Structures are given as structure tokens and as C-alpha cells.
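Descriptive structure summary
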Amino acid sequence: GESPIKVSDLGDELRQKYFHGIDRAIGRKELNAKKYSVFDGMLEKRVLLKEAYVEDMKKTATYQKLVKNYENSVVFGLFVEKIVVPEVTIMESEIKTYYQEHLSDYTTPGMMRLDSIIFKERTGAEDAMQKLRRGDQLSWLKAHSEGQVDKAQDKDANELLVFTGNVVTSRELPDDLKRALADVNSGDVRLYETPEGYFYVISIVAVYPVQTEDYVSVREAIAKQLFDKHITKGGEDWADK
């Protein structure tokens with residue numbers, strides 16, 4: 001006596017899953033992969049409900065407990081909506097205070113794009129520095145300079161940082177290297193000696209300064225966060241009462 005799942009039912013179920021419309025999803029060819037999982041979900045619901053009816057599960061203590069918990073959650077949810085939510089007021093001063101106290105959350109650290117070549121001796125590093133200043137390319141020096149560190153043969157060099165044009169934040173760097181790269185600009189070159197006695201020639205490809213999101217751009221997100229926090233606290237207080 002169970003009514004069959006119709007193609008129209010499947011279509012309706014799929015439409016509900018696409019907020020921007022099913023036509024866009026069809027254009028992106030997403031439905032072929034989606035339709036089977038949706039169909040399985042619809043079939044599972046019908047089979048499980050039918051089996052539950054046959055087994056008369058609604059009389060079991062487990063089922064009744066689940067129903068009671070669901071009813072309680074619905075009732076309390078309505079209570080929160082009608083009683084707790086109207087009590088919540090977010091003042092502009094509270095949003096600004098939160099922003100100032102959590103400024104680091106809205107600040108990206110200073111970053112640099114670095115490339116480097118590492119030498120075992122200072123003389124090799126200084127020679128590379130001179131050639132770079134004359135206009136040679138770092139990539140050419142990597143391919144032709146003698147005296148470079150070979151990490152495959154030098155086990156002590158395995159822990160050395162490697163810069164190959166990658167972006168790093170200052171917080172990733174050792175303190176002495178931070179000092180060596182202080183106040184650099186894009187296009188600068190620095191010589192850096194590690195505590196272990198290796199010599200880096202570092203090309204500063206680009207510098208990305210610290211950036212902080214302005215208050216206006218994050219105000220709405222902070223207000224939503226504070227609102228949710230107050231709702232949670234209000235719900236807990238009323239639950240205690």
C-alpha cells in the first residue's frame with residue numbers, strides 16, 4: 001500500500017537542496033552525482049518509517065524518550081525565541097570594545113616572499129652577494145656557484161630553513177633571522193649567518209606589511225558573535241531558573 005517514489009518527488013527534493021535554483025546546478029552538471037544520494041535518502045526514510053510502524057516502535061521506551069527529548073527541544077527553542085531573544089541588546093560600545101580587545105584576530109602578520117642560496121663558507125656567500133648586486137640572477141647562482149650546502153651530504157644541514165620564493169610570516173623565523181630581515185624592502189638582499197655557521201644569501205622578493213581589517217568591515221560579524229553569545233548565556237540562565 002506504500003505509494004511509489006515518483007520522478008516528480010525526486011525533482012522536488014532536489015530543488016529544495018539548491019538555494020540558487022536547480023537550473024544553475026544543471027548547467028554545472030552537478031545533478032547526476034547528487035540524484036542517487038537524494039533518491040537513497042528518500043527511499044531510506046520510507047523503508048525505515050514503514051518498518052518502525054510494523055514493529056510498533058512507538059510503544060518502546062527508547063522511542064518515547066526520543067520523542068520527549070524532541071518535544072522539549074522544540075518547546076525550549078520557542079521559549080528562547082519568544083523570551084530570551086527580545087531581552088538581548090547589543091550596544092555599539094560593546095562591539096567596539098570587543099574589536100579593540102581582539103584586534104589580533106583581525107590582523108594579518110607581516111609576510112615576505114624569500115628566495116635564498118646557502119653556503120658553507122662566508123667567502124662563497126659574499127661572492128654571491130657581489131654578483132647579485134652586479135645584476136646576476138639568483139637562479140643562475142644556484143645552478144653555478146661552488147661551495148653551496150648539499151643537504152643530502154651534510155646531515156647537520158637537514159634542519160636548515162629553505163626559501164625558494166615561498167611566502168613566510170615573521171613569526172615562523174628564528175629571532176636572529178628576524179633581526180637580519182628587519183626593515184627590508186622588496187628587492188633587497190641580506191647576508192645571514194646561522195648559529196651553526198652556515199651562510200644564507202637571501203633575496204627579498206616581496207614584502208607584505210601587517211594589515212588590520214577596519215572596524216566597519218568586521219562590525220556585523222562581531223555583532224552576530226556577541227548576539228549568539230548572549231543568547232547562549234540567556235538560555236543557560238533561564239534553564240537554571
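Before any of the text, the structure's been laid out above.
Before going into details, it helps to say that this report is about the structure given with it. Predicted, not measured: the structure shown is a model, and the values here were computed from it. (Residues numbered from 1 in each chain as written. Predicted model: local features only at pLDDT ≥ 70, side-chain atom pairs only at ≥ 80, totals over all residues. Heavy atoms only, no water.)

1. Section: the sheet that holds strand β4 (residues 189-193)
Sheet strands associate in pairs through backbone hydrogen bonding, adopting either a parallel or an antiparallel arrangement. Ordered by their spatial adjacency, four strands build an open sheet running β3-β2-β5-β4, and the pairing between neighbours is antiparallel. The open sheet has two edge strands with one neighbour each: β3 (164-169) and β4. Taking the axes of each pair of neighbouring strands and ignoring which way they run, one obtains an average angle of 35 degrees across the sheet. Bridging between strand β2 (residues 111-119) and β3 involves five bridges; their strand directions are antiparallel. Residue pairing across strands places Asp115 opposite Thr164, the latter belonging to β3. Sitting on the sheet, helix α6 (residues 122-134) touches β2, β4 and β5 (199-208), and the angle it makes with β4 is about 175 degrees. (Pairing = 2+ DSSP bridges. Helix = DSSP H or I, 4+ residues; strand = E, 2+ residues; numbered from the N terminus. Axes fitted to C-alpha atoms, helices over the stretch in contact; angles between N-to-C directions. Contact = heavy atoms within 4.5 Å.)

2. Side note on the nonpolar core
The biggest cluster of nonpolar side chains holds 17 residues, and the ones touching the most others in it are Leu114, Phe163, Leu181 and Ile202. The set of elements that each furnish at least two residues to this core consists of β2 and β5. Those residues in contact with Leu114 that sit more than four places away from it in its chain are Phe163, Thr164, Gly165, Asn166, Val168, Leu181, Ile202, Ser203, Ile204 and Val205. The next biggest cluster of nonpolar side chains, apart from the first, holds eleven residues, and it includes Ile117, Leu132, Leu141 and Val189. (Core = buried A, V, L, I, M, F, W, Y, C linked by side-chain atoms within 4.5 Å. Buried < 20%, exposed > 50% of the residue type's maximum accessible area, 1.4 Å probe, protein only.)

3. Re the pattern of salt bridges
With the rule as written, the count across this model stands at seven salt bridges. Between Arg219 and Glu92 there is a salt bridge; the shortest N-O distance is 2.7 Å. In this pair, Arg219 is assigned in helix α9 (residues 215-240) and Glu92 in helix α5 (residues 92-101), connecting sequence segments 127 residues apart. The salt bridge involving Lys224 is made with Asp228; its shortest N-O contact spans 2.6 Å. Here Asp228 and Lys224 lie together in helix α9, a separation of four residues that amounts to about one turn. The class of Asp228 is partly exposed, set by a relative accessible area of 33%. (Salt bridge = Lys/Arg side-chain N within 4 Å of Asp/Glu carboxyl O.)

4. A short note on the packing of aromatic side chains
Per the counting criterion, the structure on display carries four aromatic pairs. Geometrically, the ring pair formed by Phe163 and Tyr200 is tilted, given 6.1 Å between the ring centres and 55 degrees between the ring planes. Placement of the pair is Phe163 in the loop between α7 (138-144) and β3 and Tyr200 in strand β5, with a sequence separation of 37 residues. Taking the relative accessible area as the measure of exposure, Tyr200 reaches 2% and is therefore buried. (Phe/Tyr/Trp six-rings, centres within 6.5 Å; stacked < 30°, edge-to-face > 60°.)

5. Things to note about the environment of Phe119
Among the secondary structure elements, Phe119 is positioned in strand β2. Residue classification places Phe119 among the buried positions, given a relative accessible area of 1%. Separated by 79 residues in the primary sequence, Phe119 and Tyr198 place their C-alpha atoms 6.1 Å from one another. Not counting residues within four places of it along the chain, the set of residues in contact with Phe119 comprises Gly124, Ala125, Ala128, Ser145, Glu146, Gly147, Gln148, Val149, Tyr198, Phe199 and Val201.

6. Focus on unusual backbone geometry
One non-glycine residue, Asp183, adopts positive backbone phi at about 60 degrees. Along the chain, Asp183 falls in the loop between α8 (175-180) and β4.

7. A few points about the packing of α5 against α9
Any two packed helices are characterised by how steeply their axes cross, that is the angle between the axes, and by the distance between the axes. Following both chains from N to C, one finds α5 and α9 inclined at 105 degrees, their axes separated by 9 Å at the closest point. Here α5 is positioned roughly perpendicular relative to α9, judged by the angle of their axes. Between α5 and α9, the contacting residues are Glu92, Glu94, Ile95, Lys96, Tyr98 and Tyr99 on the first element and Tyr215, Val218, Arg219, Ile222, Ala223, Gln225, Leu226 and His230 on the second. A class-by-class count of the residues in the contact of α5 with α9 yields eight nonpolar, two polar and four charged. (Parallel < 35°, antiparallel > 145°, perpendicular 65-115°, else oblique. Nonpolar A, V, L, I, M, F, W, Y, C, P; charged D, E, K, R; others polar.)

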